[in-house]
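# A closer look at the structure
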Amino acid sequence: MRQPNLLFLMSDQQRADTLAPGSPCQTPHLDVLTARGTAFNRCYAPNPICSPTRASLMTGLLPHNHGMVDCTHTVEPYRAELKSDLPFWSQALQAGGYHTGYFGKWHIERSNRLENFGFAEYELNNSPGYAAHRRALGLDERARRFVSRRAVAQPGYRDFTICGVVDEPIEATAEHYLYTRGIEFIERAAREPDQPWALFVSTLAPHDPYIVPQEHRARYNAADLPRPASFDDPLTDRPGIYRRIQRVWHDLDWDDFAEATACYYAFCSLVDDQVGRILAAVDAAGQLDNTIVIYTSDHGDYLGAHRLLLKGVPAFEEAYKVPLVLAGPGIAAGQRSDHIVSLLDLAATITPLTTSGDFPCFGRSLLPLLQPRDAPVAWEDQAFAECHGQRFFYTQRTIWRDQYKYVFNGFDEDECYDLAADPHECRNVASDPAYQEVVRDLAARMWAIIRATDDYNMHQAEYGMFRFAPVGPEAAQVQ
């Protein structure tokens, strides 16, 4: 049998718990995919915003290593620029004989010349093709026919749309269009049965604003959706910037958050429908049994947790934890893993599954966790993330290890959470005497990763103004 195909499906800003058992979010096609493969309950993004995580996903490197430390459209190049000549796993697949395609949101670097990164065919979101598609449906290229919309108004700012419902067919959505382009790619590739293919489809959904067709919004009753357990968290023992961000939404009541949540879930369901379409196309081509399917997202969304929306510097689980499902040849079916993994690990996993080659990077291969669980697996339950601030500079590093999470904040007091005792992160134990050994151990492990990955700005922070971590960089030597 020839090398397996790869179908990589990625959403934007989708929380991990949308695919959790019992979730109110309706994702029947992804549920079927999960039953066919291995799902990870604790997969973390290496950054809470788009471009840094997406560049990390393709390179297996932390943001300070690849240089894209902020979103491409938000800062000038000197603030965030992908370093040249970094290997992408997509290039390894193309060099290994794969026919490659990419459709949708890229947002990794500024050239948008994907042929330089291993993709033979591509079409990015907001393309002229999509505009022409909307015109062919008799719709305006950009303006949408709103049935309802909710927004935040603040003095001196443009109104900020949170969510809305439109009177347009599903075929008019960017998600339907991009998945159709992906299906066309698969149908063409299937005509060359001797050549494997690798396809990446990346949607903007369910990124805010959560704007959905009436058909999908009708699947949810906002009144039935539960409040997050942390909704009334005043954030009194957390960094002050968290409370400032929380105040952006102070005029919203729970009904507003519930409507936003209903639209968000509807957006996830819309993506799920497209997943069903493309998996059916792979099956119709007779290639489902020889296709590795990966589904994930680049980061999450607070969605009312701690009375917040969107994502950013508040380092809560809802922003960092993402869905991750792998299915196909060489991957155990019907498994859910509680091991801590990272999106960085996909770069080290994809090439062994496809080309049988290695991809040197900071990530770890997930292959040991994708085998049937006949025996315990030797796996260190640890993940690491870094935030460099979105437009505004906020130096932040986060480490997860076992049940604990430590957040180093270069701009305010640190955070530490015992996720077993406090899964909703309502109590910061960074100053609790009972947790000081845990805090110092996690801080030392943070410094070890900073040293190992040559995070120069951090590991050279020996000057008197910067010596306020629980332990300093030299503590890394004992890890």
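Residues numbered from 1 in each chain as written. Predicted model: local features only at pLDDT ≥ 70, side-chain atom pairs only at ≥ 80, totals over all residues. Heavy atoms only, no water.

## What to know about helix 6 (residues 174–189)
- Here helix 6 contains 16 residues, and its C-alpha end-to-end distance of 23 Å stays within 8% of the 22 Å for a straight helix at 1.5 Å per residue.
- Among the residues of helix 6, those classed as buried are E175, H176, Y177, L178, Y179, R181, G182, I183, F185, I186 and A189.
- Where helix 6 is buried, its residues meet strand 1 (5–11), strand 3 (99–104), strand 4 (121–124), helix 5 (128–136), strand 7 (197–202) and helix 9 (254–284). (Helix = DSSP H or I, 4+ residues; strand = E, 2+ residues; numbered from the N terminus. Expected span 1.5 Å × (residues − 1). Buried < 20%, exposed > 50% of the residue type's maximum accessible area, 1.4 Å probe, protein only. Contact = heavy atoms within 4.5 Å.)

## Considering the environment of K83
- Examined against the element boundaries, K83 turns out to sit in the loop between helix 3 (63–66) and helix 4 (89–95).
- The class of K83 is partly exposed, set by a relative accessible area of 43%.
- Placed 229 residues apart in sequence, K83 and G312 show a C-alpha to C-alpha distance of 23 Å.
- Ignoring sequence-local partners within four residues, the contact set of K83 consists of H64, N65, H66 and G67.
- One polar contact links the side chain of K83 to the main-chain carbonyl oxygen of H64, over a distance of 3.3 Å. (Polar contact = N/O pair within 3.5 Å; in protein donor to acceptor, adjacent residues only side chain to side chain.)

## Observations concerning the sheet that holds strand 14 (residues 396–401)
- Sheet architecture is open: four strands sit in the order 13-14-15-16, paired in antiparallel fashion. Both edges of this open sheet fall to strand 13 (382–387) and strand 16 (415–418), since each of them pairs with a single strand only. Averaged over neighbouring strand pairs, the angle between their axes works out to 10° when direction is ignored.
- Strand direction decides the pairing type here: strand 15 (residues 404–409) and strand 16, joined by four bridges, are antiparallel. Bridge pairing links V407 to E415 in strand 16. (Pairing = 2+ DSSP bridges. Axes fitted to C-alpha atoms, helices over the stretch in contact; angles between N-to-C directions.)

## Digging into empty space enclosed by the protein
- For the structure on display, the rule yields one cavity of 30 Å³ or more.
- What lines the largest cavity is Q335, S337, H339, L369, R373 and V377.
- In terms of residue class, the lining of the largest cavity is made up of two nonpolar, three polar and one charged. (1 Å grid on protein atoms, 1.4 Å probe; cavity = no way out; pocket = protein on both sides within 12 Å on 5 of 7 lines; lining within 4 Å. Points joined across faces, edges and corners; volume = space filled by probe spheres on them. Nonpolar A, V, L, I, M, F, W, Y, C, P; charged D, E, K, R; others polar.)

## Overview of the side chain of R79
- Here R79 is to be found in the loop between helix 3 and helix 4.
- Buried charge R79 goes without a salt bridge, the closest partner of opposite sign being D70 at 4.4 Å.
- Of the polar contacts made by the side chain of R79, one reaches the backbone oxygen of R391; its length is 2.6 Å. (Lys, Arg positive; Asp, Glu negative; His and termini not counted. Salt bridge = Lys/Arg side-chain N within 4 Å of Asp/Glu carboxyl O.)

## What to know about a nonpolar patch on the surface
- Taken together, Y463, M465, F466 and F468 make up a surface patch of nonpolar side chains, about 490 Å² in accessible area.
- Here F466 lies in the segment after helix 13 (456–459). (Patch = residues over 30% accessible without salt bridge, like charges linked within 9 Å, V, L, I, M, F, W, Y side chains within 5 Å. Areas by Shrake-Rupley, 256 points an atom, 1.4 Å probe, with all protein chains shown as cover.)

## Some remarks on the pattern of salt bridges
- Counted by the stated rule, this structure contains 25 salt bridges.
- Between D12 and K105 there is a salt bridge whose closest N-O contact spans 2.3 Å. With D12 in the loop between strand 1 and helix 1 (28–36) and K105 in the loop between strand 3 and strand 4, the pair connects residues that are 93 residues apart, well separated along the chain. For the pair shown, D12 and K105 are each scored as buried.
- In this structure, R451 and E474 form a salt bridge, with 3.0 Å as the shortest nitrogen-oxygen distance. Of this pair, R451 sits in helix 12 (residues 436–452) while E474 sits in the segment after helix 13; the two residues are 23 residues apart in sequence, bridging distant segments of the chain.
- Put simply, D12, R54, K105 and D298 are held in one network by salt bridges that share partners.

## Notes on the packing of helix 6 against helix 9
- The interhelical angle for the contact between helix 6 and helix 9, taken along N-to-C directions, is 15°, at an axis separation of 10 Å. Classed by the angle they form, the pair helix 6 and helix 9 counts as roughly parallel. Here helix 6 runs over helix 9; the crossing is right-handed. Where helix 6 abuts helix 9, its residues E175, H176, Y179, T180, G182, I183 and I186 lie against F267, L270, V271, Q274, V275, R277, I278, A281 and V282.
- Tallied by class, residues from the contact of helix 6 with helix 9 come to ten nonpolar, four polar and two charged. (Parallel < 35°, antiparallel > 145°, perpendicular 65-115°, else oblique. Left-handed = near helix turned anticlockwise from the far one by under 90°.)

## Some points on the sheet that holds strand 8 (residues 210–213)
- Taken in spatial order, the three strands make up an open sheet running 5-6-8, and their pairing is mixed. Each edge of the open sheet is held by one strand with a lone partner, namely strand 5 (146–152) and strand 8. Going across the sheet, the axis of each strand differs from the next one's by a mean of 10°, ignoring polarity.
- Relative to strand 8, strand 6 (residues 160–166) runs parallel, the two sharing four bridges. The residue of strand 8 that forms the bridge with V165 is V212.
- On the sheet, helix 9 packs against strand 5, strand 6 and strand 8 and is oriented at approximately 60° with respect to strand 8.

## A closer look at the packing of helix 1 against helix 9
- Relative orientation of the contacting elements helix 1 and helix 9 amounts to 55°, with a least axis distance of 7 Å. On the basis of the axis angle, helix 1 is oblique to helix 9. Packed against helix 1, whose contacting residues are P28, H29, L30 and L33, the element helix 9 presents D272, D273, V275, G276 and L279 at the interface.
- Residues belonging to the contact of helix 1 with helix 9 are distributed by class as follows: five nonpolar, two polar and two charged.

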